[in-house]
Amino acid sequence: WGADVTSENVALGITGQGALATLNQTNTPQIVAGAVNTSVVYSSTSIVSAAANTTTILAQSTITTDGGYVKIRCMMQIFGDSTSAYSWPRIDIRKGGISGTTMIFYGNVYVPQGVLGGGGSCVAIEAVDVSPATSQQYTITVQCSSVAIQCDSISFVVESAKVYNM
């Protein structure tokens, strides 16, 4: 593991065991894959259109947990579909599917008129689930007002922290 016994890298001795060689820094090669957390990452490769007066799924993911908390993060860019009216959509992180419980929402996102294909609003939203099921689904939805919108560059990360019983 590359541990050395220098004055900088020697832990206190354990009674009867002598000095313990330690690493000055722990990095990726010393951590087994999946030991700290499990992540599910989604990135959109195309624009998702959401019709006026509807709720639309933007991204959805299921993760297996071991009782630790789960962090859910989403970022995107939103454009209005109208050159004459503003849009005020609501973005939700839901536990479960489209009809699942809203964990957190970002309401009344300002989307200016007349900016099709450029100059939209950027949204970042995140939540923490402290009581996930062993297999838990999370969904990002957008609820449109009277103006349709388009969502682009959607990045959706669901990360389950490991729990270790000491």
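The structure presented is a predicted model; accordingly, all values stated were derived computationally and were not measured. (Residues numbered from 1 in each chain as written. Predicted model: local features only at pLDDT ≥ 70, side-chain atom pairs only at ≥ 80, totals over all residues. Heavy atoms only, no water.)

J.: Tell me what's going on with the overall build of the protein chain, and back it up with residues and numbers.
T.: The helix and strand inventory of the protein chain stands at zero helices and eleven strands. Start at the N end of the protein chain and walk to the C end: the helices and strands fall as β-β-β-β-β-β-β-β-β-β-β. Scored against the burial criterion, the 166 residues of the protein chain give a buried share of 34%. Looking at the protein chain alone, contacts between residues at least 24 apart form 75% of all its contacts between residues at least 6 apart. Carbon and sulfur atoms make up 53% of the accessible area of the protein chain, which amounts to about 9400 Å² in all. (Helix = DSSP H or I, 4+ residues; strand = E, 2+ residues; numbered from the N terminus. Buried < 20%, exposed > 50% of the residue type's maximum accessible area, 1.4 Å probe, protein only. Contact = heavy atoms within 4.5 Å. Areas by Shrake-Rupley, 256 points an atom, 1.4 Å probe, with all protein chains shown as cover.)

J.: Lay out the pairing of strand S6 (residues 70-80) in plain terms, naming residues and giving numbers.
T.: By the bridge criterion, nine bridges tie S6 to strand S9 (residues 121-129) in an arrangement that is antiparallel. Residue Arg73 lies in a different strand from S9, and its bridge partner there is Glu126. Where S6 and strand S11 (residues 149-161) come together, ten bridges link them in antiparallel fashion. Directly across from Gly80, in S11, lies its bridge partner Ile149. (Pairing = 2+ DSSP bridges.)

J.: Could you give an account of the side chain of Thr56, with specific residues and numbers?
T.: Topologically, Thr56 is positioned in strand S5 (residues 55-64). The class for Thr56 is buried, based on a relative accessible area of 16%. In this structure Thr56 touches Val48, Ser49, Ala50, Ala51, Ile140, Thr141 and Val142, once residues within four positions along its chain are discounted.

J.: A description of the nonpolar core should follow, citing residues and the corresponding values.
T.: The biggest cluster of nonpolar side chains holds 26 residues, and the ones touching the most others in it are Leu58, Met76, Ile78, Ile91, Ile140, Ile154 and Phe156. Listed by contribution, the elements that provide at least two residues to this core are strand S4 (48-50), S5, S6, strand S7 (90-95), S9, strand S10 (135-143) and S11. Once you skip the residues sitting within four places of it in the chain, Ile91 turns out to touch Met76, Ile78, Ile104, Phe105, Tyr106, Val109, Val123, Ile125, Ile140, Thr141 and Val142. (Core = buried A, V, L, I, M, F, W, Y, C linked by side-chain atoms within 4.5 Å.)

J.: Can you break down the packing of aromatic side chains residue by residue, with the values?
T.: Overall, the coordinates contain two aromatic pairs when judged by the stated rule. Ring centres of Tyr86 and Tyr110 lie 5.6 Å apart, and the angle between their planes is 35 degrees; this geometry places the pair in the tilted category. Remark: Tyr110 occurs in the loop between strand S8 (101-106) and S9 and Tyr86 occurs in the loop between S6 and S7; sequence separation between them is 24 residues. Here the aromatic rings of Trp88 and Tyr110 are separated by 5.3 Å at their centres, their planes lie at 50 degrees, and the arrangement is tilted. Placement of the pair is Trp88 in the loop between S6 and S7 and Tyr110 in the loop between S8 and S9, with a sequence separation of 22 residues. Exposure remark for Trp88: the relative accessible area of 40% places this residue in the partly exposed category. (Phe/Tyr/Trp six-rings, centres within 6.5 Å; stacked < 30°, edge-to-face > 60°.)

J.: Report on the sheet that holds S8, specifying residues and quantitative values.
T.: Pairing is antiparallel across the open sheet formed by four strands, whose spatial order is S5-S10-S7-S8. For this open sheet the edge positions go to S5 and S8, each flanked by a neighbour on one side alone. Strand-to-strand twist of the sheet, defined as the mean angle between neighbouring strand axes without regard to direction, takes the value 20 degrees. Where S7 and S8 come together, five bridges link them in antiparallel fashion. Looking across to S8, one finds that Lys95 is bridged to Thr101. (Axes fitted to C-alpha atoms, helices over the stretch in contact; angles between N-to-C directions.)

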